[in-house]
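Per-entry structural report
Spelled out from the first residue to the last, the chains are:
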Number of protein chains: 2
Amino acid sequence: MRIERFISNPVLTPEDIRPSTPLMQIECLLNPGVFRFRGKTWLLIRVAERPEQKVGAISFPILDHNNDIKVFHIPSDSPELDASDPRVINYKGCDYLTTMSHLRLVCSEDGIHFHEDQRYAGLVPSDQHESYGIEDCRVCQIDNRYYLTYTAVSPDGVAVRMRETEDWIHFEDYGIILPPHNKDCALFTEKINDRYMLLHRPSSPEIGGNYIWLAESTDLIHWGRHSCVAKTRPGMWDSARIGAGCSPIRTGKGWLEIYHGADENNRYCLGAMLLDLKNPSKVLARSIAPLMVPSEPYEMAGFFGNVIFTNGHIVDGDDITMYYGASDSVICAAKLSVEDILSSL
Amino acid sequence: MRIERFISNPVLTPEDIRPSTPLMQIECLLNPGVFRFRGKTWLLIRVAERPEQKVGAISFPILDHNNDIKVFHIPSDSPELDASDPRVINYKGCDYLTTMSHLRLVCSEDGIHFHEDQRYAGLVPSDQHESYGIEDCRVCQIDNRYYLTYTAVSPDGVAVRMRETEDWIHFEDYGIILPPHNKDCALFTEKINDRYMLLHRPSSPEIGGNYIWLAESTDLIHWGRHSCVAKTRPGMWDSARIGAGCSPIRTGKGWLEIYHGADENNRYCLGAMLLDLKNPSKVLARSIAPLMVPSEPYEMAGFFGNVIFTNGHIVDGDDITMYYGASDSVICAAKLSVEDILSSL
């Protein structure tokens, strides 16, 4: 199967981007949404920041009740601190993220070399639904509008919020479209049976798991008719959690969805599933072996190693230019073939 | 405060109801939805059944892929069995319920003595979304229609499904309106700002908790604009999880909601909160001390003891006749006063 990682990987690292304020350092670049706009390829990158870490303390930003960024400091030797996960800490019974993410826009003429355009700032956490940050945005173009589905994180939980834009300067808020615990929301690029549809990933603390579900809507704001589409598979590469990548690709054989799967060791690989064109709750085929496994050094070591995670690509005929986050640290890209993936299923 | 438990409590026990088939035994009666229909008071009781338990095995029913009830047997000495919770077992990594619930109708002329009416059967699990059972139904009357919101349990997760009926014989399916993990869904009895609204309780395996959320809809099928309304309170009687009872009661001072709260020891008490009439995401007041605590013998011991759980009542002026499940075993009732509860907040 043709999988050509870019020779220039990683295409973007934290050093390539300026922090949002001089108080912050960029820890990681992650999981970009991808789209075409004004003749260019754009990435909506998740930028995870925190202040400089001083000896003896863990410092992290959150949005206060005035929606201003405030830095908290926790003594790193506190017996009430659990810092075993680099991404989430628990202190005095409450969960916090070690970094706060916002969404930054970069663009490129060739899809390889990206730069910021000062006219297009992206999105920053804006209210109490996003006080721990905004993450992993999928971008779906329907007609001349772009729909953004991203993870809104706050002490209330991890939920999916939608915004819409035409010009990437003004954004309309569609609100929290999926309540906690939910991530990995990917909108279909067209209506099916006169309904908008999306894939999402609710998570369960008891009975059920981290499975991919389907939902439908008439207005993109209100969602219903939820049904489970695909589950984790014990003993396989996607045994612990699965989640949609970005919008399914319409092919003659069905909707092709590139998804991520993680196992009990938190190794994140990519696979594919083919959904019925008229009834996308029906899975026609699914990768037995992963399409892509963390294997390059930048995919195996980083802020959170052994991770390949994609939520954006450009499709041009048979060619997929897929952008992905590697080890929760850097942005990479690879070329894939629609036909090759379909043949593998 | 006036809280008058019925002298005849419990008003219904498993012995009062016939099993759904001779193969089953009724283990528990739980958490009834309550409504008025044709001049009578009706309860839509959750009936939890399982086959007779034989020495050396745990036996429980689930719906197979033909939607027929099938009984599974697990050796009770299996090292791969975790049966520490009487409600849920884990066997070979999978969760199962020890009982399967359906929803049974009983009616009463006086609100005290209930009996079945053969014309009205209630609801049984009907498809793969409900293969582990259907539970804890709220009944909300809007005009001449009744809207049922209940917990649909399956290996896919614990979700909220809605059905609608006028005659309690024919039911229209509105589908899964809230994906996992979600319970305790209570619809408002009228539109607010031209939107249907409901309270629900998503649960999070990480960041967030078991909190009460609000959502809105234009058609009752598709839901959005989710927002968190109320959280658990550390160190108090509602420290571990909270969930709505049934439809909020419209008062001059706000929407009065009787809700349940559980602490780390799984003691379930009842409290109240008052929500703003025009913006019910705004909590105006909330019980510091619980309104009702398990204290009677039937509330303290049973299938799962120390539980008072309500999801149904009849309101007549200042009088609330509240029905509730006690110790996950029997159905009880109590009289409360709207004014007394408001004064206590």
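Residues numbered from 1 in each chain as written. Chains lettered and ligands numbered in written order. Predicted model: local features only at pLDDT ≥ 70, side-chain atom pairs only at ≥ 80, totals over all residues. Heavy atoms only, no water.

**Examining the overall build of chain A**
- When its secondary structure is counted, chain A shows two helices and 25 strands.
- In summary, chain A has a C-alpha radius of gyration of 19 Å against a globular reference of 20 Å for 345 residues, a match within 12%.
- Counting only C-alpha atoms and orienting by the principal axes, one finds that chain A spans roughly 55 × 45 × 40 Å.
- Among the 345 residues that make up chain A, the fraction classed as buried is 60%.
- Put simply, 50% of the contacts in chain A that link residues at least 6 apart link residues at least 24 apart.
- Carbon and sulfur atoms make up 48% of the accessible area of chain A, which totals about 13300 Å².
- For chain A, the separation between the mean place of its 33 positive charges and that of its 47 negative charges on side chains is 4 Å. (Helix = DSSP H or I, 4+ residues; strand = E, 2+ residues; numbered from the N terminus. Rg over C-alpha atoms; globule rule 2.2 N^0.38 Å. Buried < 20%, exposed > 50% of the residue type's maximum accessible area, 1.4 Å probe, protein only. Contact = heavy atoms within 4.5 Å. Areas by Shrake-Rupley, 256 points an atom, 1.4 Å probe, with all protein chains shown as cover. Lys, Arg positive; Asp, Glu negative; His and termini not counted. Charge placed at Lys NZ, Arg CZ, Asp CG, Glu CD.)

**Brief notes about the interface of chain A and chain B**
- With 44 residues of chain A in contact, the opposing surface of chain B contributes 44 residues.
- For chain A, the biggest contributors to the area lost against chain B are Ile-207, His-222 and Arg-225 of chain A; these three give 22% of the whole.
- Linking chain A with chain B are two salt bridges.
- Between Lys-231 of chain A and Asp-156 of chain B there is a salt bridge; the shortest N-O distance is 2.8 Å.
- Viewed at the interface, chain B and chain A are joined by 17 residue pairs in polar contact (both at pLDDT 80 or more).
- For the side of chain A that touches chain B, the elements supplying multiple residues, two or more each, are strand 8 (94-97), strand 11 (145-154), strand 12 (157-165), strand 13 (172-178), strand 14 (182-187), strand 15 (196-202), strand 16 (212-217) and strand 17 (224-230) of chain A.
- Here the side of chain A that touches chain B gets six residues from one element, more than from any other, and that element is strand 13 of chain A.
- Its residues placed into classes, the side of chain A that touches chain B shows 19 nonpolar, 16 polar and nine charged. (Buried area = accessible area lost by both parts, 1.4 Å probe. Salt bridge = Lys/Arg side-chain N within 4 Å of Asp/Glu carboxyl O. Polar contact = N/O pair within 3.5 Å; in protein donor to acceptor, adjacent residues only side chain to side chain. Nonpolar A, V, L, I, M, F, W, Y, C, P; charged D, E, K, R; others polar.)

**A closer look at the pairing of strand 16 of chain A**
Residue and element names in this part refer to chain A.
- Summarising burial for strand 16: six of the six residues are buried, a large majority.
- Residues of strand 16 alternate between two faces, with Ile-212, Leu-214 and Glu-216 on one and Trp-213, Ala-215 and Ser-217 on the opposite face, all of them buried.
- Note that strand 15 and strand 16 share five bridges and pair antiparallel. Directly across from Leu-198, in strand 16, lies its bridge partner Ala-215.
- Sheet topology note: the strand 16/strand 17 ladder contains four bridges and is antiparallel. Across the sheet, Glu-216 pairs through a bridge with Gly-224, a residue of strand 17.
- Linkage of strand 16 to strand 17, two consecutive antiparallel strands, is achieved through a turn of six residues, within which Leu-220 is found at a positive phi near 70°. (Pairing = 2+ DSSP bridges.)

**Focus on the pairing of strand 2 (residues 24-37) of chain B**
All names here are of chain B.
- Most of strand 2 is tucked away: 11 of the 14 residues are buried.
- With 11 bridges connecting them, strand 2 and strand 3 (residues 40-51) associate as antiparallel partners. When the sheet's bridge partners are listed, Leu-30 is paired in strand 3 with Arg-46.
- Hairpin connection of strand 2 to strand 3: two residues between the antiparallel strands, including Arg-38 at a positive phi of 50°.

**Observations regarding the confidence of the model for chain A**
- Of the residues in chain A, 100% have a pLDDT of 70 or more, and the chain-wide mean is 96.
- Listed scores for the predicted complex are pTM 0.97 and ipTM 0.96. (pLDDT = per-residue confidence, 0-100.)

**Some details on the side chain of Glu-49 of chain A**
Residue and element names in this part refer to chain A.
- Inspection of the secondary structure puts Glu-49 in strand 3 (residues 40-51).
- Of the buried charged residues, Glu-49 lacks a salt bridge, with Arg-104 as the closest side chain of opposite charge at 4.2 Å.
- There is a polar contact of 2.6 Å between the side chain of Glu-49 and the side chain of Ser-20.
- Every residue in contact with Glu-49, bar those within four places of it in the chain, is listed here: Pro-19, Ser-20, Met-24, Gln-25, Ile-26, Glu-27, Pro-61, Thr-99, Met-100, His-102 and Arg-104.

**Thoughts on unusual backbone geometry**
- Pro-10 of chain B follows Asn-9 of chain B through a cis peptide bond whose omega is -10°.
- Tracing the backbone through its elements, the reader meets Pro-10 of chain B in the loop between strand 1 (3-5) and strand 2.
- Residue Asn-193 of chain A is not a glycine yet carries a positive backbone phi of 50°.
- Of note, Asn-193 of chain A is situated in the loop between strand 14 and strand 15.
- Taking the relative accessible area as the measure of exposure, Asn-193 of chain A reaches 56% and is therefore exposed.
- Non-glycine residue Ile-207 of chain A carries a positive phi angle of around 55°.
- With respect to the helices, strands and loops of the structure, Ile-207 of chain A is situated in the loop between strand 15 and strand 16.

**Some remarks on the sheet that holds strand 15 of chain A**
Residues and elements named next belong to chain A.
- Read from one edge to the other, the open sheet built from four strands follows the order 14-15-16-17, with strand pairing classed as antiparallel. What marks the edges here is a single partner per strand, and that holds for strand 14 and strand 17. For this sheet, the mean inter-axis angle between neighbouring strands, taken without regard to orientation, is 25°.
- Pairing of strand 14 with strand 15, which is carried by four bridges, proceeds in the antiparallel orientation. When the sheet's bridge partners are listed, Asn-182 is paired in strand 15 with Pro-202. (Axes fitted to C-alpha atoms, helices over the stretch in contact; angles between N-to-C directions.)

**What to know about the sheet that holds strand 25 (residues 330-337) of chain A**
Residues and elements named next belong to chain A.
- Taken in spatial order, the four strands of this open sheet run 1-25-24-23, and their pairing is antiparallel. The open sheet has two edge strands with one neighbour each: strand 1 (3-5) and strand 23 (308-316). Put simply, the sheet's adjacent strands are angled 25° from each other on average, direction ignored.

**Regarding the environment of Gln-25 of chain A**
All names here are of chain A.
- Within the element layout of this structure, Gln-25 appears in strand 2 (residues 24-37).
- Since its relative accessible area comes to 34%, Gln-25 is described here as partly exposed.
- Filtering out sequence-adjacent residues up to four positions away, Gln-25 remains in contact with Ala-48, Glu-49, Arg-50, Pro-51 and Glu-52.

**Points about the relation of the copies chain A and chain B**
- Mapping chain A onto chain B calls for a rotation angle of 180° and an axial translation of 0.0 Å; the resulting RMSD is 0.0 Å. Read as a symmetry element, the transformation amounts to a two-fold axis.
- Looking at chain A, 100% of its interface residues are interface residues in chain B too, so the copies touch through the same face. (Least-squares fit on C-alpha atoms with pLDDT ≥ 70 in both.)

**Observations regarding the pattern of salt bridges**
Residues and elements named next belong to chain A.
- One pass over the full model with this rule turns up 50 salt bridges over all chains.
- The salt bridge partner of Arg-161 is Asp-173, with a shortest N-O separation of 2.8 Å. Taken as a pair, Arg-161 in strand 12 and Asp-173 in strand 13 lie far apart in primary sequence, 12 residues in all.
- Taking relative accessible area as the criterion, Arg-161 reaches 3% and is therefore assigned buried.

**Re the packing of aromatic side chains**
- Scanning the entire structure with this criterion turns up 36 aromatic pairs over all chains.
- Aromatic side chains Phe-35 of chain A and Trp-42 of chain A sit 6.2 Å apart centroid to centroid with 10° between the ring planes, which places their arrangement in the stacked category. Grouping residues by exposure puts Phe-35 of chain A and Trp-42 of chain A together as buried.
- Measuring from centroid to centroid gives 6.0 Å for Phe-37 of chain A and Tyr-146 of chain A, while their planes differ by 90°, and the two rings are edge-to-face. Here the residue Phe-37 of chain A occupies a position in strand 2, and Tyr-146 of chain A occupies one in strand 11, the gap between them amounting to 109 residues. Side by side, Phe-37 of chain A and Tyr-146 of chain A carry an identical accessibility label, which is buried.
- Grouped by ring-pair contacts, the aromatic residues Phe-35, Phe-37, Trp-42, Tyr-120, Tyr-146, Trp-168 and Phe-171 of chain A constitute a single cluster.
- The aromatic ring of Trp-255 of chain A is capped on one face by Arg-250 of chain A, whose charged end is 5.5 Å from the ring centroid.
- It is Arg-87 of chain B that lies over the ring of Phe-304 of chain B; its NZ or CZ is 3.7 Å from the centre. (Phe/Tyr/Trp six-rings, centres within 6.5 Å; stacked < 30°, edge-to-face > 60°. Lys NZ or Arg CZ within 6 Å of the ring centre and 35° of its normal.)

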